[in-house]
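Single-letter residue listing:
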Amino acid sequence: MRAAAPLERALSASGLPAVWAARHPVLREAAALERAAAHVTGSLRAQPRPYRIAAGLALRLLPLAFVLVTGRWVPLAGPEALVRGSERLARLPGCGLLLRSAEALALYGGLDGGPDRLVAGAAPPHVPPSGPPVPPSVRTGAPS
């Protein structure tokens with residue numbers, strides 16, 4: 001197993017995965033949370049170097065910001081404190097954008113259900129020309 005890269009360490013130290021799990025029950029499953037974190041770090045890794053550096057620095061400062069708005073360290077905060085603290089952090093300039101974008105990436109990666117294509121480098125799955133399959137409970141209007 002390889003050592004964690006700087007972005008993975010920064011994301012883990014930021015406490016964001018714990019916040020995502022507290023805010024979204026679907027990300028409480030270990031595999032989903034791991035996919036979520038991999039997607040976020042893969043997305044950050046795809047950014048130009050200045051953005052990666054700025055994101056890494058912001059992630060490393062996030063625990064301090066959390067302490068300043070809640071009076072608690074992320075690892076010691078319970079789920080309710082994590083949710084309330086993240087809501088308070090989201091009101092701070094710059095923090096809100098970081099929290100919203102990282103959470104959106106995390107949800108996309110965590111709910112994707114497969115290996116992270118940004119990390120694995122695989123091509124997206126082929127979608128037939130007719131479009132994605134329609135669940136049987138949805139009426140399409142097509143004759144059967």
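Calculation rules
Residues numbered from 1 in each chain as written. Predicted model: local features only at pLDDT ≥ 70, side-chain atom pairs only at ≥ 80, totals over all residues. Heavy atoms only, no water. Helix = DSSP H or I, 4+ residues; strand = E, 2+ residues; numbered from the N terminus. Contact = heavy atoms within 4.5 Å. Areas by Shrake-Rupley, 256 points an atom, 1.4 Å probe, with all protein chains shown as cover. Axes fitted to C-alpha atoms, helices over the stretch in contact; angles between N-to-C directions. Parallel < 35°, antiparallel > 145°, perpendicular 65-115°, else oblique. Left-handed = near helix turned anticlockwise from the far one by under 90°. Buried < 20%, exposed > 50% of the residue type's maximum accessible area, 1.4 Å probe, protein only. Polar contact = N/O pair within 3.5 Å; in protein donor to acceptor, adjacent residues only side chain to side chain. 1 Å grid on protein atoms, 1.4 Å probe; cavity = no way out; pocket = protein on both sides within 12 Å on 5 of 7 lines; lining within 4 Å. Points joined across faces, edges and corners; volume = space filled by probe spheres on them. Nonpolar A, V, L, I, M, F, W, Y, C, P; charged D, E, K, R; others polar.

Trainee: How would you sum up the overall build of the protein? Please name residues and give values.
Mentor: Looking only at helices and strands, one finds seven helices and zero strands in the protein. For the protein, the sequential pattern of α-helices and β-strands runs α-α-α-α-α-α-α. Long-range pairs, those at least 24 residues apart, make up 59% of the contacts in the protein between residues at least 6 apart in sequence. Roughly 9,400 Å² of accessible area belongs to the protein as shown, and the carbon and sulfur atoms make up 64% of that amount.

Trainee: Which residues make up the packing of helix H2 (residues 16-23) against helix H3 (residues 30-45), and what values go with them?
Mentor: Relative orientation of the contacting elements H2 and H3 amounts to 130°, with a least axis distance of 11 Å. In this view, H2 runs oblique relative to H3, as classed from their interaxial angle. When you trace H2 past H3, the crossing you get is right-handed. Here Pro17, Trp20 and Ala21 of H2 lie close against H3, whose contacting residues are Leu33, Ala36, Ala37 and Val40.

Trainee: Can you lay out the environment of glutamate 87 for me, pointing to particular residues and giving the numbers?
Mentor: Relative to the elements of secondary structure, glutamate 87 occurs in helix H5 (residues 79-89). Residue class for glutamate 87 comes out partly exposed when judged on its relative accessible area of 39%. Separated by 18 residues in sequence, glutamate 87 and valine 69 place their C-alpha atoms 10.0 Å apart.

Trainee: Quick one: what's the story with the side chain of serine 14, residue by residue and with numbers?
Mentor: Structurally, the position occupied by serine 14 is in helix H1 (residues 6-14). Among the polar contacts listed, one links the side chain of serine 14 to the backbone nitrogen of leucine 16, at a separation of 3.1 Å. When residues no more than four places from it in sequence are discounted, the contact partners of serine 14 are Leu59, Leu62, Pro63 and Val74.

Trainee: Let's hear about empty space enclosed by the protein: which residues, and what values?
Mentor: With the rule as written, the count across this model stands at one cavity of 30 Å³ or more. In this structure, the largest cavity occupies an estimated 50 Å³ of space. Secondary structure elements with two or more residues in the lining of the largest cavity: H2, helix H4 (49-70) and H5. Classifying every residue of the lining of the largest cavity gives seven nonpolar, two polar and no charged.

Trainee: Which residues make up the side chain of threonine 41, and what are the values?
Mentor: As for its position among the elements, threonine 41 is in helix H3. Separated by 3.2 Å, the side chain of threonine 41 and the backbone oxygen of alanine 38 make a polar contact. If sequence neighbours within four positions are ignored, threonine 41 has contacts with Leu7, Glu8 and Leu11.

Distances and angles like these do not, on their own, reveal function.
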